[in-house]
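Here is how the chains run, residue by residue.
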Amino acid sequence: MDNLNAFIGSVNSFAWGPPMLGMLGVTGVLLTLGLVFMPWRKVGYGFRLLFSKDTEGGDGEVRPFNALMTALSATVGTGNIAGVATAIALGGPGAIFYMWLIALFGMATKYAEAVCAVTYREVDANGKYVGGPMYYLRNGVGEFAPELGKWLGLLFAIFGAVAAFGIGNAVQVNSMAVALDNSFSVPTWITGIIVAALTGIVVIGGIQRIGEVAGKLVPAMIVLYIGAALVILIINFTAIPAAIAMIFKYAFTPAAATGGFAGAAVAAAIRFGVARGVFSNESGLGSAAIAHAAAKTNSPVRQGIIAMLGTFIDTIVVCTMTALVILTSGAWMLTGADGSGLTGAVLTSTGFQSSIAGGQYIVTIALAVFAFTTILGWSYYGERCWQYLFKEKSLIIYRALWVLAALSFANVKVDLVWNLSDTLNGLMAVPNLIGLLLLAPMVFKVTRDYFEKAGTPLSS
């Protein structure tokens, strides 16, 4: 197992090396510039659309709100709790700056993904709307480069179907099992059985049931988690300016070893900030586009604007709250029983626990619910990729494998799980980013047309 973990770690270093970081950044920057910073300027408009009944007309399977909640169910998970803590533990406070940076430009990427998904979605043999990168690569890129579009779509579907078991299943159930064992002494095998059973009950109902469950659980848990974090930040409000200053300072200068923190170079801050940021909000992976393709809408632009809110809520709001709790509480400098610095969910729990009584239980409950909803959201993503490869009749096979994986991954070594997930994420992003760059002119055109029709030119 150690040898396998070392091998995956070496592949991971390549998958998240300078080429991948550069590709994610360049794609986000080019899309942001081409959209004249629209994603940054239209956040308020996006929230108005999210709760407007005017967006609920059109063809599709789920309400636009539930499409976003399904996407958020897959992104607001362990990345917001354990992932942020891991970024700080390995990259220092400066890693949060790069999480913010990749999220800001990632909003344009997420917008473009949803626009393409709705534009090029299809109706399957069961009369259901299906879409996502594999479809807009084949149908969109395929319009002017058929062979390239075909192979890019095929690669994405393969990477997506396999990656789902890492980012959407293994990491989630593993982190949940460890947290419940540490806080409530629940054996990991029991967590695996319960999660597998509940997952099986929900995923049988498809996107409608997943959307309904996500539409109720995700908003409630985000409010609970952010509410608890706000209480802690009010208690530690005098430490907030110093925490923010550390984020900016260590984004550009090495973070020296202090307390239980082992120190980190700027390169580590960039690498782990970007990697954990993408792991958290999934901008550039193309996964959320699969959920937005099922939305009841006839406007790709409207759904795209709603989709970009997912990145904003996930990273700019939820991840920031986690980071500030960890930094203002001083937990990032503490040591564990073995004398090394804390990391993962344990670090976040310590930050909450050191500020309010029972804070660690809030983190555990939030992590468990977020992880469960992420498993549900990614089950749908994996299904659509599987369906693209093997057609509708074979979905029962994927669902069975998904439930068995949830049962098994509760006992896997966490380092292996994180490394494997990072690697698969990197591979998944490659065909998607190539497609987005090739389809960018279409995205810019439909966006300009939408705002000109509304009487508010894109550049205004």
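A brief structural summary. (Residues numbered from 1 in each chain as written. Predicted model: local features only at pLDDT ≥ 70, side-chain atom pairs only at ≥ 80, totals over all residues. Heavy atoms only, no water.)

### What about the overall build of the protein chain?
To keep things clear, this is the line we draw: Secondary structure is summarised from DSSP: a helix means a run of H or I of at least four residues, a strand means a run of E of at least two, and numbering begins at the N terminus for each. Just to be clear, the radius of gyration here is over C-alpha atoms, and the globule rule we use is 2.2 Å times residues to the power 0.38. With a 1.4 Å probe rolled over the protein chains alone, any residue whose accessible area is under 20% of its type maximum counts as buried; one over 50% counts as exposed, and the rest are partly exposed. The contact criterion used is simple: two residues touch if any of their non-hydrogen atoms lie within 4.5 Å. Only the protein chains shown count as cover for residues, and all accessible areas are computed by the Shrake-Rupley method using a 1.4 Å probe. Within this scheme the basic residues Lys and Arg register as positive and the acidic residues Asp and Glu register as negative, but His and the chain ends are omitted. Charged groups are reduced to one reference atom each: NZ for lysine, CZ for arginine, CG for aspartic acid, CD for glutamic acid.
Broken down by element type, the protein chain carries 19 helices and 2 strands. Over its C-alpha atoms the protein chain spans a radius of gyration of 21 Å, differing by no more than 12% from the 23 Å that the globule rule assigns to 460 residues. Across its three principal directions, the C-alpha atoms of the protein chain cover 60 × 50 × 40 Å. With 460 residues in all, the protein chain has 60% of them scored as buried. Sequence-distant contacts, at least 24 apart, represent 84% of the contacts inside the protein chain between residues at least 6 apart. Carbon and sulfur atoms make up 69% of the accessible area of the protein chain, which totals about 16,700 Å². Averaged over its 25 positive side-chain charges, the protein chain has a centre that lies 5 Å from the centre of its 21 negative ones.

### Thoughts on the nonpolar core
We count it as follows: The definition of a nonpolar core used throughout is a set of buried Ala, Val, Leu, Ile, Met, Phe, Trp, Tyr and Cys residues joined through side-chain atoms within 4.5 Å.
Among the nonpolar cores identified, the biggest contains 153 residues, and Tyr111, Tyr136, Met176 and Tyr381 are the most heavily contacted of them. Per-element tally for this core: the top contributor is helix H17 (residues 359–390), with 15 residues.

### Observations concerning the packing of aromatic side chains
Stated formally: Each Phe, Tyr or Trp ring, with Trp reduced to its six-membered ring, pairs with another whose centre is within 6.5 Å; inter-plane angles below 30 degrees give stacked pairs, above 60 give edge-to-face pairs, and intermediate values give tilted ones. Charge-over-ring placement is defined geometrically: NZ (Lys) or CZ (Arg) within 6 Å of the ring centre, and within 35 degrees of the ring normal.
Here the structure, examined in full by the defined rule, presents 21 aromatic pairs. With 4.7 Å between their ring centres and 50° between their planes, tryptophan 386 and phenylalanine 390 make a pair best called tilted. Placement of the pair is tryptophan 386 and phenylalanine 390 together in helix H17, with a separation of 4 residues, close to one helical turn. Members of the aromatic cluster, connected to one another through ring pairs, are Phe97, Tyr98, Trp100, Phe248 and Phe252. The lysine or arginine in question, lysine 42, covers the ring of tyrosine 45, its NZ or CZ lying 5.9 Å from the ring centre.

### Observations regarding helix H9 (residues 146–184)
How we decide: Each helix should span, by expectation, one fewer than its residue count multiplied by 1.5 Å.
Taking 1.5 Å of rise per residue, the 39 residues of H9 would be expected to cover 57 Å, and the 54 Å separating its terminal C-alpha atoms lies within 8% of that figure. Among the residues trailing H9, serine 185 stands out with phi positive, at a value near 55°.

### Let's talk about the packing of H17 against helix H18 (residues 395–408)
So the rule is basically this: Simply put, an axis is a line fit to the C-alpha atoms, just over the touching stretch for a helix, and the angle between two N-to-C directions goes from 0 to 180 degrees. A clockwise turn of the near helix away from the far one marks a right-handed crossing, whereas an anticlockwise turn of less than a right angle marks a left-handed crossing. For this classification, the nonpolar set comprises Ala, Val, Leu, Ile, Met, Phe, Trp, Tyr, Cys and Pro, the charged set comprises Asp, Glu, Lys and Arg, and every other residue, Gly included, is treated as polar.
At a minimum axis distance of 10 Å, the contact between H17 and H18 shows a crossing angle of 145°. Where H17 crosses over H18, the handedness of that crossing is right-handed. Counted together, Ile375, Trp378, Ser379, Gly382, Glu383, Arg384, Trp386 and Gln387 of H17 and Leu395, Ile397, Tyr398, Arg399, Leu401 and Trp402 of H18 form the full contact between these two elements. For the contact of H17 with H18, the residue count by class is 8 nonpolar, 3 polar and 3 charged.

### Considerations on the packing of helix H10 (residues 188–203) against H17
The relative placement of two packed helices comes down to the angle between their axes together with the axis-to-axis distance. Defined as follows: Relative orientations are named as follows: roughly parallel for angles under 35 degrees, roughly antiparallel for angles over 145 degrees, roughly perpendicular for angles from 65 to 115 degrees, and oblique for any other angle.
Where H10 contacts H17, the two axes come as close as 10 Å, and the packing angle between them is 50°. Relative to H17, the element H10 is oriented oblique. Note on packing geometry: the crossing formed by H10 with H17 is right-handed. Where H10 abuts H17, its residues Val195, Leu198, Thr199, Val202 and Val203 lie against Phe372, Ile375, Leu376, Ser379 and Glu383. Of the residues contributing to the contact of H10 with H17, the split by class is 7 nonpolar, 2 polar and 1 charged.

### Quick look at the pattern of salt bridges
Filter applied, for reference: For this analysis, a salt bridge means a side-chain nitrogen from Lys or Arg found within 4 Å of a carboxyl oxygen belonging to Asp or Glu.
On inspection of all chains with the given rule, the structure shows 5 salt bridges. The partner of glutamate 61 in a salt bridge is lysine 128, with the nearest N and O atoms 3.9 Å apart. Here glutamate 61, found in the loop between helix H4 (43–50) and helix H5 (64–75), pairs with lysine 128, found in the loop between strand E1 (122–123) and strand E2 (129–130); they are 67 residues apart in sequence, far enough to count as distant. Residue classification places glutamate 61 among the buried positions, given a relative accessible area of 12%.

### Quick notes on the environment of glycine 260
Inspection of the secondary structure puts glycine 260 in the loop between helix H12 (240–252) and helix H13 (266–281). The spatial distance from the C-alpha of glycine 260 to the C-alpha of tryptophan 332 is 7.4 Å, given a sequence separation of 72 residues. Setting aside chain neighbours within four positions, we find glycine 260 in contact with Met333, Leu334, Thr335, Ser340 and Gly341.

### Describing helix H15 (residues 300–329)
To keep things clear, this is the line we draw: Across the chain, bend at a residue is computed as the angle between axes fitted to the seven residues ending at that point and the seven starting from it.
Compared with an ideal rise of 1.5 Å per residue, which puts 30 residues at 44 Å, H15 spans 43 Å between its outermost C-alpha atoms and is within 8% of the ideal. Within H15, the axis deviates most sharply at threonine 320, by approximately 30°. Among the 30 residues in H15, 24 count as buried, and that is most of the element. The first or second residue beyond H15 is glycine 330, which carries a positive phi of 80°.

### A few points about the side chain of glutamate 282
The test is simple: Think of a polar contact as two N or O atoms within 3.5 Å of one another; within protein, one of them needs to be a possible hydrogen donor and the other a possible acceptor, and neighboring residues in sequence only count if both atoms come from side chains.
Turning to its location among the elements, glutamate 282 is positioned in the loop between H13 and helix H14 (287–292). Buried within the structure, glutamate 282 lacks any salt-bridge partner; its nearest side chain of opposite charge belongs to lysine 110, at an N-O separation of 6.3 Å. Side-chain polar atoms of glutamate 282 contact the side chain of tryptophan 378, separated by 2.9 Å. Setting aside residues no more than four positions away along its own chain, glutamate 282 makes contact with Ala74, Thr75, Lys110, Ile167, Gly277, Ser287, Trp378 and Tyr381.

### Structural notes on a nonpolar patch on the surface
Our working definition: Each patch groups residues whose relative accessible area exceeds 30% and which form no salt bridge, using 9 Å between like charges and 5 Å between nonpolar side chains of Val, Leu, Ile, Met, Phe, Trp and Tyr.
Where nonpolar side chains cluster on the molecular surface, the patch consists of Trp189, Ile193, Ile396, Ile397, Leu401, Leu404 and Leu407 and spans about 690 Å² of accessible area. Every element with two or more residues in the nonpolar patch is listed here: H10 and H18. Per-element tally for the nonpolar patch: the top contributor is H18, with 5 residues. Turning to its location among the elements, leucine 407 is positioned in helix H18.

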